[in-house]
Amino acid sequence: MTAMLDLAMDTKPEAYTAIHALLDEPAADANLTARELDVRSTTRDVVSREVAPRAAENDRTHQFAHESVQALAAANLCGLIFPEQLGGTGDSNVAYAVAMEEITAGCAATSLVFMTQMHTAYPILIAGTDEQRTRYIPPLLDASHYGSLAITEPDAGSDVSGLSTTATPTARGWSLSGQKTFITTGDRADTMICFATVDKSLGRQGVTAFIVEGNWPGLGRGTPFSKMGMHGSSTAEVFFEDVEIPRENLLGTEGGGWSVVMQSVVKSRISAAAQGVGLARAAYARTWSALRSLHGDAVPDEEKFALAELRGRILQGRLLLHATARQVDNDPQVTPGHVGMMKQACTDLGFHAAVEATRILGPYGDLTALGVERCVRDSKVTQIYDGTNEIQRLLISRETMRAVKELD
């Protein structure tokens, strides 16, 4: 029986596609456009052939998911929300969320690298000059360059206004000094969006964004961290020691970095929420595959009932993800509380579904060949990055209190 279980469905494209199609719920699909359904189909096809079969080995060896990301880029999927003149396809945020969910279901680590490409390019799109957009965005969308978003510091995570990395004015621009940590793809990024302060006493009014090229003198990189999950992506410290930033690499305005961060986190929280739904779906699909291998058509009722509950929760998460992404498409000024509810609920769903799947499988849930324990390890960090879920609850509660006060 163990030999049968070792034949994980993730390595067989036809089996992978068939079992994931079980969760194409009509209630969610009814709200997708023909183009969004097409994006899902294209992404699932690439994932089934090029991404999912590599996932377990990348996790085992901690090999960076380069080939998987290149396959997604070759299918023109890395620029979904970007205009065609920059190498994108001009699609909706819903299409992006659908693609993110598909990629995550096949390999969460690949989805982390994939979304970081977008997270690096998007600030340039919204705040950059035409020259900056033309120079830096296309290489990120075709994945010939890797990108990083350098925000988090040892003493400043969710509180961006507390940054210590300093940009000191020079004759040509600024000199950048400081340390960043937990930077996704930080060990290899060709393009970084670095947030620093020009005057710490100004708080958020001093936060400024810069485009930093990875080969500039004074930029150092730490050895990638050894992590619980997401082994196919790298996370590292980045050091800036008097890195000279030319004036033309200021992103937006001096002191305008806070606004760039706030506009960008809407997209990054869609990414994390889609990861939550994708990981829940991966845990569900891998559990069904294992139970069929163990029991054939005689799956015990207890396991079937537990999976029935998960199916409903996954649908709920997907509906929230799609509805919020659609809200962002229609109203870019969507409130932090609305985005926070999506991020918190969907990433909590991913972790809950993964833990529940291991319980359903009993002793088999711990087998690496099934990939369910990988879902547990990969899902935990989604509750932490892009604003911890505690921060999301804070944002939601603040918004609720403001609304309640307006009733007085």
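Model, not experiment: these values are computed from the prediction.

Conventions adopted
- Residues numbered from 1 in each chain as written.
- Predicted model: local features only at pLDDT ≥ 70, side-chain atom pairs only at ≥ 80, totals over all residues.
- Heavy atoms only, no water.
- Helix = DSSP H or I, 4+ residues; strand = E, 2+ residues; numbered from the N terminus.
- Rg over C-alpha atoms; globule rule 2.2 N^0.38 Å.
- Buried < 20%, exposed > 50% of the residue type's maximum accessible area, 1.4 Å probe, protein only.
- Contact = heavy atoms within 4.5 Å.
- Salt bridge = Lys/Arg side-chain N within 4 Å of Asp/Glu carboxyl O.
- Core = buried A, V, L, I, M, F, W, Y, C linked by side-chain atoms within 4.5 Å.
- Phe/Tyr/Trp six-rings, centres within 6.5 Å; stacked < 30°, edge-to-face > 60°.
- pLDDT = per-residue confidence, 0-100.

Enquirer: Got a minute to help me understand the overall build of the chain in this structure?
Expert: Counting its regular elements, the chain contains 13 helices and eight strands. Expected size for 408 residues packed as a compact globule is a radius of gyration near 22 Å; at 21 Å, the chain falls within 12% of this value. Viewed in the frame of its principal axes, the chain has a C-alpha envelope of about 75 × 55 × 40 Å. Residues classed as buried in the chain amount to 56% of the 408 residues present. Taking as baseline every contact in the chain between residues at least 6 positions apart, the subset at least 24 positions apart corresponds to 76%.

Enquirer: What is the right way to read the pattern of salt bridges from this model?
Expert: Any two side chains of opposite charge can pair, so long as their charged atoms come close to each other. One pass over the structure, following the stated rule, counts 29 salt bridges. Between Asp10 and Arg374 there is a salt bridge; the shortest N-O distance is 3.9 Å. Within this pair, whereas Asp10 is found in the loop between α1 (2-5) and α2 (13-20), its partner Arg374 is found in helix α12 (residues 372-380), the two being separated by 364 residues in sequence. Since its relative accessible area comes to 7%, Asp10 is described here as buried. One salt bridge in this structure joins Glu36 and Arg326, with 2.8 Å as the shortest N-O distance.

Enquirer: Help me understand the nonpolar core in this model?
Expert: Where a protein is soluble and globular, its nonpolar side chains tend to be buried together. Counting 98 residues, the largest nonpolar core has Phe82, Tyr96, Phe114, Ile137, Phe195, Ile270 and Leu321 as the members making the most contacts within it. The leading source of residues in this core is helix α9 (residues 257-295), at 18 residues. Judged by nonpolar contacts, the second largest core, of 18 residues, contains Ala167, Ile183, Leu219 and Leu250.

Enquirer: Looking at this model, I keep getting lost on the packing of aromatic side chains. Mind explaining?
Expert: Geometry of an aromatic ring pair is reported as the spacing of the ring centres plus the angle between the planes. Evaluated as defined, the whole model comprises four aromatic pairs. Relative to Phe114, the ring of Tyr96 lies with its centre 6.3 Å away and its plane at 10°, an arrangement referred to as stacked. Of this pair, Tyr96 sits in helix α6 (residues 93-106) while Phe114 is found in helix α7 (residues 108-127), placing the two residues 18 residues apart along the sequence. The residues Tyr96 and Phe114 share a single accessibility class, namely buried.

Enquirer: Help me understand the confidence of the model for the chain in this model?
Expert: Low pLDDT marks regions whose predicted coordinates should not be analysed in detail. A residue-level look at the chain finds 96% of positions with pLDDT of 70 or above and a mean pLDDT of 94. Across residues 1-7, where pLDDT falls below 50, the model places 12 contacts with residues more than four positions away in sequence or in other chains.

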